Amino acid sequence: MMLWHLRPNNIATGAMKPDHDELTRRLIEFRDARDWRQFHSLKNLILSVSMEAAEILELVQWKDDEAVERAAADDPAFRAALAEECADVFLYLLLVCERAGIDLTEAALAKIDLNARKYPVDKAKGNARKYTDL
């Protein structure tokens, strides 16, 4: 019997989702059962993140912003394809972080804090300039 480390993700319903550590554990279990670690060098995993991200780009290639927004709102097939490609990127990113010894949640929180310092609201609100140009 497997016990998952779960955290509440919806206070109203009490629904539970696995955390990043649990997802990584399940992913490694999946990978190792297939003997794929031999193909998962850090370099190959990093390349795979980029390649899967390119598949997200392919979903929106040649579409204008409005068409993409409309597809995301109204087209279940588009949303399903987008969700699958986002999951691919996320799963490879978890493997990169596992291989490199990075805690993704801690890294993300640190990056949000760094961006808050680089892009203070009073200077960055409403514009897309890089922090060096604020």
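Before any of the text, the structure's been laid out above.
The paragraphs below set out a description of the structure included in this document. (Residues numbered from 1 in each chain as written. Predicted model: local features only at pLDDT ≥ 70, side-chain atom pairs only at ≥ 80, totals over all residues. Heavy atoms only, no water.)

Taken together, F30, W36 and F39 make up a surface patch of nonpolar side chains, about 310 Å² in accessible area. As for its position among the elements, F30 is in helix α1 (residues 20-33). With a relative accessible area of 38%, F30 lands in the partly exposed category. (Patch = residues over 30% accessible without salt bridge, like charges linked within 9 Å, V, L, I, M, F, W, Y side chains within 5 Å. Areas by Shrake-Rupley, 256 points an atom, 1.4 Å probe, with all protein chains shown as cover. Salt bridge = Lys/Arg side-chain N within 4 Å of Asp/Glu carboxyl O. Helix = DSSP H or I, 4+ residues; strand = E, 2+ residues; numbered from the N terminus. Buried < 20%, exposed > 50% of the residue type's maximum accessible area, 1.4 Å probe, protein only.)

Right, let's talk about unusual backbone geometry for a bit. In this structure, D35 takes a positive phi of about 55° despite not being glycine. Structurally, the position occupied by D35 is in the loop between α1 and α2 (42-60). Its identity as a non-glycine residue notwithstanding, W62 has a phi of 70°, on the positive side. Tracing the backbone shows W62 in the loop between α2 and α3 (65-74).

Further remarks concern the packing of aromatic side chains. Summed over the entire model, instances satisfying the criterion amount to one aromatic pair. Taken together, a centroid distance of 5.6 Å and an interplanar angle of 75° make the contact between F30 and W36 edge-to-face. Over the face of the ring belonging to F30 we find R34, whose NZ or CZ atom lies 3.6 Å from the ring centre. (Phe/Tyr/Trp six-rings, centres within 6.5 Å; stacked < 30°, edge-to-face > 60°. Lys NZ or Arg CZ within 6 Å of the ring centre and 35° of its normal.)

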